[in-house]
Every structure is written in structure tokens, then in C-alpha cells.
Amino acid sequence: MSEPLSRTQLPAWQQLNLLAHSMQNLHLRQLWTDPLRAERFSCRAGPLLLDFGKQRMTAEVLAGLVKLADDCKLGQAIRDLVGGATVNNTESRPALHTALRLPVEASLKVDGQDVVPLIHTSLNHMRDIVGRIHSKQWRGYSGKAIKDVINIGVGGSDLGPFMACKALGEFIPEQGRQLNVHFVSSIDGTQIADLLGNLQPETTLFIISSKSFTTVDTLSNARTALQWLLADVGGDAELVLRHHFIGVSSRADRMSAWGIPEANQINLWEWVGGRFSLWSAIGLPIALTLGMAGFEEMLAGAHFMDRHFQEAEPTANLPVLLGLIGVWNATFLDIRAHAVLPYDGRLKFFPSYLSQLEMESNGKSVNRLGHSFDYATCPVLWGEVGPNAQHAFYQLLHQGTQAVSCDFIAPVQRYHEREGEGSTELLVQHRLALANCLAQSRVLMLGDSCVADGENAPGFRRYRGNQPSSTILLDELTPYSLGALVALYEHKVYVMSVIWDINPFDQWGVELGKQIADTTFQALSDGHCEGFDGSTNHLLAAIVRGGEELS
Amino acid sequence: MKVSIYGDTHYAWVTAAKLAETGNHVVLCTQVGEQIQPSMKVTREAMLAELLGQQQASGRLQLTCGNTAYLHGSLHLLAADASLTAVEVAVDRILEGAEGDTFLVVLSALPVGALKELQDYAFARLRTLAKPYRVYVAAMPLFIREGSALADFNRPSLFVLGAEHEVVVKRVLDLMRPFVRNAAHMMVVPLAAAELIKFGINAMLATRISFMNEMAALSERLDVDVELVRRGLAADPRIGSDYLSPGCGFGGPSFSDELLSFARSVKETLDTAGLVDAVIAINDSQREILFRKIWRFFRGKLQGRTVAIWGAAFKPGTASIENSVVHPLLHALWAQDCITCVYDPLAGEALREQYHDQPLLEIASSAADAVRGADALAIVTAWEEFWNPDFSQLRQLLKRPVVFDGRNMYEPKQMLEHGFRYFAIGRGESI
């Protein structure tokens, strides 16, 4: 059997390259000759509307991208993903975040075992824990009810739950109002030191979230937490671990070795990727914030998107469209930066969540067979709440030398159920945010041609425009719509990985640094500052010397 | 006098019985509706059932629902445990039936300011109905204690009437003459002042208790017997000895809803969290203190253990378990899969009824039965019969000789001599 064609050899790829070349001198505003463009380039799924009329996209390009997807066997790849095939080839396992969202009556066999009952057993374990904490019957060592929960985790065990908790703060049910959920991730101890100074050990519960239960960042914070409690109790470790520590991991053996009693362990499975894990027990902080019902709403929203992803035609399929647009911009139009701009303060942490999801998944330069390729893949992704970013980096978007693609995200409705003082003013504020969202994407597209006589302004007041963007409107921000939005981006990432022939489920790029940090740590501890490269030797010496002078 | 009383509360029943006893023709309307289905257990107040029986037999007391009460006469006593809106609904009906000047006397504890609102509402209603009569609103807060309510009604230590018109003052004083003449203090004050007096007394008493509980916590940490502290404080004539006993928290109807309502009023009116908030917070924590001591004693391992509980009523002398400390204790123990065996001289049935589907609850028929084979004993209510139990029998019946006393009923030294581990509030072993 002959080796399959590399991506660049595919006719559709070459065709798209030619199209991109021919569009080089075409400005976005020149694309609006088709009166039906707005309708043709927008698509709805459930609570989400995707509008991509402001992309440097033509019907021909879209057809070419769909053909490329077809040549890359995207349909089969989607079936492989949700069906439990070994899509993570470098680690020989499936990536079954979609299974985490399956309803209890569903069934999915992986290696002959139905995983749905396992998943729902784990959900029930979460439900029990959430119920006990919310009803104030989970007690600390002194018998007082838990008031503060600190989630210790990093990366996927932090970003997703943190983002969702911050986004859905107004959906906290009555019984969750008196509980404070905190997040600690950084290895340097800044966050945990701040928190521990303000909390009571007897009413604080820690969730140690680590898929492997070896992550040094997490375990070092966990050790600090344990010592803090032991100092308060007077050393009874068994008592403290039984009432103040919950472990979430795929490695029960390591949780047990650390001292977490079996009843406080919630298991994950190898086939849950870290950055796709907020739907599993890693989402416990979300369930503690929203209540189990709210968490299940999120799962339902994501499951809706999973069905849509599997069932909708490519041209009416939100994740497929978003993924193809991403590939078109990054690879064919050579746009190396992508900004995510929510016009809703609640989504403040959505961009940093996405920066992990996209860059850790697709920030790669070899294909599934390990061969280097010569096309650009994942762009640098960053973002910020849009209206705030307008006062920060929008200058570069409008007048810099970089081409940047953007995703604008906004809810249509907000504050509509609010009554009483200030409600009218808040409605006006929301309308202002929406107006800014539309205005910015319009100026990015059209430049100064959106005002009369704009071309005659002096150079420093000119706006080039031609920066492509998509706009995603949510009917309103709810646990369900956020679930759908997150799943939309997860699948977008997968679509891009299929076109680029990347395994999006591993992250070997982050391994070597950890390994080198171990030897460097040893050197710092021993005070031996030699044997590294010149720069590192020099810096080590400065640190060791600095420490000696101060002590 | 013809009197209509509305409500299915302790206040309503006691007032109905006492007013009928002094010769009035009383109609008690427990609820608006077609059927009379009172839910207040009159047996929870000693001798009340007997008195009610006598008054019904004499024909001076009649139980009805709805219209008979509205049309009975012009004097209406509102004693329902209800919101202002619900009271307004009753007032609507009364005014619709009015055939002369009407007197509305409020016994219920409504939020501060509600009486003025009710008065304005009644005026407006009467105008809408275009009736050529007057309506008067008065407040008659009762200071009767469950367990001794009939005696308190007879000889009130304080009789307060909130009213703003001579006519209604005269009318209410006529009605209450047999009792007012026995009162140690009598005051006629504006409506809002009556409200504040009622809430203020409650809040002050609650404050004393929470303060003493804070002293108890401190005593425990400093290894001081709080009983000595209590006696010292009580000896100061400016302080006195009432409501100065630390314990496992207060409960009962007036110490819950009324206090919370007062705290809300303070917050809304003064725009600040007041002292009462702290009083309530200390009490909320205190209501779990027995559980915390038990929890610490067993190092958080309560699953499958049995805890005997003496007392369930919110205070001795009543069968009422309304807002009793026993509830948070039971729920906390059940949440740990701990079996509970409760004995209360009067309130056992009420407890069984409320938690009939709780497999971890057993109701014992005697104090001795409750402790048989239990891992520990917890005392919630200071019933007379618990003061001097047969300690050697108690020791034998308990699986472990350990007592958690929420009412400081025993002497720690004596308990030690009897061979008990003894944990009380601010005295005994600290844990």
C-alpha cells in the first residue's frame, strides 16, 4: 500500500493555496458584493450563532475547505473521536471527553467495557460530595462545617474549572451561596500563601486535582496545605486527610500513597485529556459552585454540541466551520495571531482557558507519523475582555503591522430578569458593550472606509482594516450555553488537528522543561552552580550568592 | 364581649381559652377555609386542653372557619403566624363584613413598621368599600412563655398596648381588665414603640444568652468553670441571674423568626449588620456544639454508633419541638450515619411524627431505655427528671460512660466520681 499523500500534496490543499494567493490584494470590504453574504456566512446551533461574514472568505474558499476536510476524512475522524478509537496515537489511547457528557441511558464500549456506567458512578460520587458540603454536613476535624474549598491543580485541572466558576457566578443556587471556592495553581506559592493567611484550617477543604498525581506544582502546594492543617491540629495526619482532602486523579494508588483515604478519592480515566477534563470530576469546583444540577446543565449543553458536531452537514456545522476558518487563516492566509475577545466580563478567563486548549493541542510541528511539515499550524492565541482590551492592545489590531484574526463573543440578552435599583442602567451598559463589539469588528473589517472621508485623514489616523473576525452570539450566558460554547471550541481544535494531521491530545513539548527543572532544583539546593550552559551557570551563581548575602 | 381570634398559634389558643374563661364570647378561626383542621397541638401547653374543653362546653368558645368569625362582632384579634400580606387578606374579609366601627388588635409579631402599614391599608380598604365606619389598629404583644403561658396570661409582668386612639385603648383595656389589673407594669404606647418593645425584649434576652455562650467558649479554652463566672455576673444587681445560663443554644418560635425579622429590620433601616446578627451567628454555632464535642470525642468516626439524646422540646415544660436544638443535632448525626435514640417526657410523639421516615431515629419510652447500649448520652433539654438520674444505672446501661451535657445539669467533679467522662458547656472536660 502506498503511503498516503501528505497534506500539501492534496489537490484541495493546492487549490486553496492558489485561492489564498489570488486574494492577497483583495480587501475584506470588496467581498461584500453578494447581497446574501450575511446569511450565507452565518450558522446557528442551539443557543449559539456563528457569524463569519467578516472573514476573508468566499463561497469558493469555503467549498475548497469542505473538500479539503473531506479529503482529510474529517467525517471518519469525528466518528473515531466519539467512538473511542485510539485518536491519541502517541499515548495509545482514545480521547473520550464526549463520553463524559453522555446521558445515563447511553452506552459506549471501550475495549469491551461500557464506560457510561463508570462515568455516572463518578458523577454520583461527586453528587454525594456536593450534597454533603452544600448541606453543611461535610465536617472539618473540629466538627465545624466546611466554608471554603481550595482547588489545587494546574493546567487542565485549573483553567477550565476556574473559567467556568467565574463565568457562571450568578447561577449559584441558594445552598451554595455560603461556600467560597478558591483556586491555587502557581508553583511559587503566591496564591496559597495569600489564601491560607485569611482562612480557618478547621473549615477549609482541599481538592487535590492531578490526573497523574505527580505534578510537582500541585503536590508542592498540597504539601503546604497539609502542613498548614497539621500545625493547627497538632499532627494527626490521618484525621486531617480524612476530613480535609479530596483527591481527583486517574491514579488511585498514588492518591492512597499520598494519604488520601479511599472514600475521598474520585477516579478519572486515562482517556480523559487534562485540558478536556472539566467535564469529569476535575469539574468538582464547578459542581460545588453551581450545584450538581447546574453542572449537569453544562454537560447537557456540551452534549448538545457533540450531537450537532456528529450530525450536521459541514457547511452547517459550527465546530467544523470554526475549525476550517482557523486553518484558512493560519495556514493559507499566514495569520499567526488570534485574539479571543468576549464582550462580557463574566468570560474574562475564557481566553486563557482557550490558550491552553488550542496551543497545547495544536502547537506542534510534526504530523501523526512524527514527520515534520512545512506549513503553519496553531497561531499564538491570547485575549481579554473586549471592552478592556480596547484600552490595551486594540491599537495593534487596528494600526500595527501584524495580521490578527479575532473571535468576538457576546451574549444577546443580559440583565433582563433583574429588577429594582440600577437594573435599567445595567441594561444600558450591556447595550453599550454590544455596540462596542459590533463597532470594533466593523472597523477591523472595513478600516476607515466606514466613515466618510476617512481616507483623507493624516497617516497616524488611518485604519487599514482587512483584519478578519468571527462573531459568536450566545442567546444568553447560562450553564447550558457555556457548555455548548466550550465544546464548540474543543471540536474546533479537533477539526484543525485533523486538517493539519496533528495528534492534538498529547503535549510532549512540556516534558523536557520539567525534567531539566529537577536537576536545576538539585543544583540550587546544593549550591553547585556549574555544569550547565554559561548563561544558566551565571544566573545560578547570582541566585546562590544573593541568598547567602541575605542570610 | 364578642371577640374573634384568628390564627392557629400558641398565642391564639391561649388567648381564646383565657378570654372565654373570663366570660367573653370567643370565636376562634384557626384558618380561612371550609374545614376546621387545627394543627397546633394544644397538649404541648399544660392544662390548656382542659381549659379549652371547659370553655367549649360552656358555649363561650366556638371553633369556626371564615365567615362566622368575620361577622361575630367588632373586636378582632389577629394572632396568626403569617406575613403582613396574609394578615391583610384577613383584614379584607373582616372589613367586607363590618357593620360598624371595627377594632383590629394584632398579637402576631410582624416586622417592625408593619403595623403602620396595616393601619394605612385598613383605612384605604374601608374607603374603597365606601363604608361609613372607622377602623382602629392596635398592637398587643404577649409576653407569655410556653410551659407557663396560662399563668403568664393571668399575671403579666408587663402589659404593653400599642395604639394611637383613645377609643381603641378603652376597648382593649375593657377586654383585658381582669388581667391588666394583675400586671406588674402597664404601658400604652404608639404602634411602632410597641413593636420595638416586643422585639427589643426578645433580642436583649437572646443577646444575654449568646454572650454567656461566648463566655463559656472562653472559659473552656482557659480551663475555667463557667458556672463560677455565671454566679459572679449574676451577683451584680445591675445584671441579675435571668437568661444567664450558657447552653447548647436557644430555640423556640419567638427566638427564631422574630429575632431574624428584627435582624432584617435593623439591616434595612440602619443599613448595617447589627449586634443581633452576631447574637444569631453565635447561637447558630452553639446549636451544633454538642455535635462538635461528640464528633471530636469519636475523632469524626460516628458511622454505626448510637447516641442517646435526652430531651427534644425547645425547653422544659412544653411538647413543642419548634426550632429546637434537637433538630440540628439529629441532622448532623444522621448525616454521619449515626443512630439516635431520643427520650423526651412530652415531645417524643412530635419528633416521631416529623421524622417518621428516618430509619436512624428511635424514640425511647424512658430515659433509661434511651441510653441502653448507647455509645454516649447527649442532653438537649433540662427536664426536671434529668436532674438526678440513677448514675450507677446510667453508667451500666451506656456502652461507654460518656455524657455531653448541653444544659450544664451536673457537677463535673461528681460526674468524675461516678466514673463518667463529662463534657458540658464551659465546664467539665474540654475537647
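Residues numbered from 1 in each chain as written. Chains lettered and ligands numbered in written order. Predicted model: local features only at pLDDT ≥ 70, side-chain atom pairs only at ≥ 80, totals over all residues. Heavy atoms only, no water.

Account for the overall build of chain A, naming residues and giving values.
Counting secondary structure elements, chain A contains 19 helices and 13 strands. Relative to the globule expectation of 24 Å for 551 residues, the C-alpha radius of gyration of chain A, 25 Å, shows essentially globular dimensions. Taken over the C-alpha atoms alone, chain A extends approximately 75 × 65 × 60 Å along its principal axes. Buried residues in chain A amount to 53% of all 551 residues. Considering only contacts in chain A between residues 6 or more positions apart, those separated by 24 or more positions represent 73%. (Helix = DSSP H or I, 4+ residues; strand = E, 2+ residues; numbered from the N terminus. Rg over C-alpha atoms; globule rule 2.2 N^0.38 Å. Buried < 20%, exposed > 50% of the residue type's maximum accessible area, 1.4 Å probe, protein only. Contact = heavy atoms within 4.5 Å.)

Describe the domain arrangement of chain B, with residues and values.
Residue and element names in this part refer to chain B. Partitioning chain B into domains gives domain 1 (2-189), domain 2 (198-285) and domain 3 (287-423). The gap between the C-alpha centroids of domain 1 and domain 3 is 39 Å. Taken over both partners, the interface formed by domain 1 and domain 3 buries close to 530 Å², and the fraction arising from carbon and sulfur atoms is 43%. Where domain 1 packs against domain 3, one counts two residue pairs in polar contact (both at pLDDT 80 or more). Looking at the side of domain 1 that touches domain 3 residue by residue, the class counts come to no nonpolar, one polar and four charged. (Domains from an automatic or database assignment. Buried area = accessible area lost by both parts, 1.4 Å probe. Polar contact = N/O pair within 3.5 Å; in protein donor to acceptor, adjacent residues only side chain to side chain. Nonpolar A, V, L, I, M, F, W, Y, C, P; charged D, E, K, R; others polar.)

Please provide a residue-by-residue account of helix 5 (residues 114-129) of chain B, values included.
All names here are of chain B. Spanning 16 residues, helix 5 covers 22 Å between terminal C-alpha atoms, matching the ideal 22 Å at 1.5 Å per step. When helix 5 is considered as a whole, its buried residues turn out to be Ala114, Leu115, Leu118, Gln119, Ala122 and Leu126. Buried residues of helix 5, seen end-on, are gathered within an arc of 140° and therefore sit on one face of the element. Within helix 5, the exposed residues directed more than 90 degrees away from the buried face are Arg127 and Thr128. Of the surrounding elements, those touching the buried residues of helix 5 are helix 4 (84-97), strand 5 (102-106), strand 6 (135-139) and helix 8 (191-222). Looking one or two places after helix 5, you find Ala130, whose phi comes out positive at around 55°. (Expected span 1.5 Å × (residues − 1). Arc of directions from axis to C-beta.)

Before we move on, could you go through the domain arrangement of chain A and cite the residues and values that matter?
A common measure of how large an interface is: the accessible area buried when the components associate. Domain parsing of chain A yields domain 1 (7-71 + 312-452 + 460-506), domain 2 (115-288) and domain 3 (509-550). Inter-centroid distance (C-alpha atoms) of domain 1 of chain A to domain 3 of chain A is 42 Å.

Explain the interface of chain A and chain B residue by residue, including any values.
Contact residues are listed per partner, giving twelve residues for chain A and twelve residues for chain B. Of the roughly 980 Å² buried between chain A and chain B, counting both surfaces, carbon and sulfur atoms make up 45%. At the junction of chain A with chain B, the criterion picks out three salt bridges. For the interface between chain A and chain B, the tally reads eight residue pairs in polar contact (both at pLDDT 80 or more). When grouped by side-chain class, the residues that make up the side of chain A that touches chain B number two nonpolar, five polar and five charged. (Salt bridge = Lys/Arg side-chain N within 4 Å of Asp/Glu carboxyl O.)

Could you give an account of the layout of surface pockets, naming the residues involved and the relevant values?
All names here are of chain A. Empty space within the second largest pocket amounts to approximately 1,200 Å³. Considering the residues around the second largest pocket, the lining is formed by 43 residues, among which Ser212, Thr215, Val510, Glu511 and Lys514 are closest to the centre. Listed by contribution, the elements that provide at least two residues to the lining of the second largest pocket are helix 8 (216-233), helix 13 (350-362) and helix 18 (511-526). Considering every element that reaches the lining of the second largest pocket, the biggest residue donor is helix 18, with eight residues. Along the lines of polarity and charge, the residues of the lining of the second largest pocket split into 13 nonpolar, 17 polar and 13 charged. (1 Å grid on protein atoms, 1.4 Å probe; cavity = no way out; pocket = protein on both sides within 12 Å on 5 of 7 lines; lining within 4 Å. Points joined across faces, edges and corners; volume = space filled by probe spheres on them.)

Tell me about helix 13 of chain A, and name the residues and values.
Residue and element names in this part refer to chain A. Helix length check: helix 13 (13 residues) gives 18 Å between terminal C-alpha atoms against 18 Å at 1.5 Å per residue, within 8%. For helix 13, the tally of buried residues reaches ten of 13 residues, placing the bulk of the element in the interior. Packing partners of the buried residues in helix 13 comprise helix 6 (159-167), strand 10 (337-342), strand 11 (380-383), strand 12 (404-411) and helix 17 (479-500).

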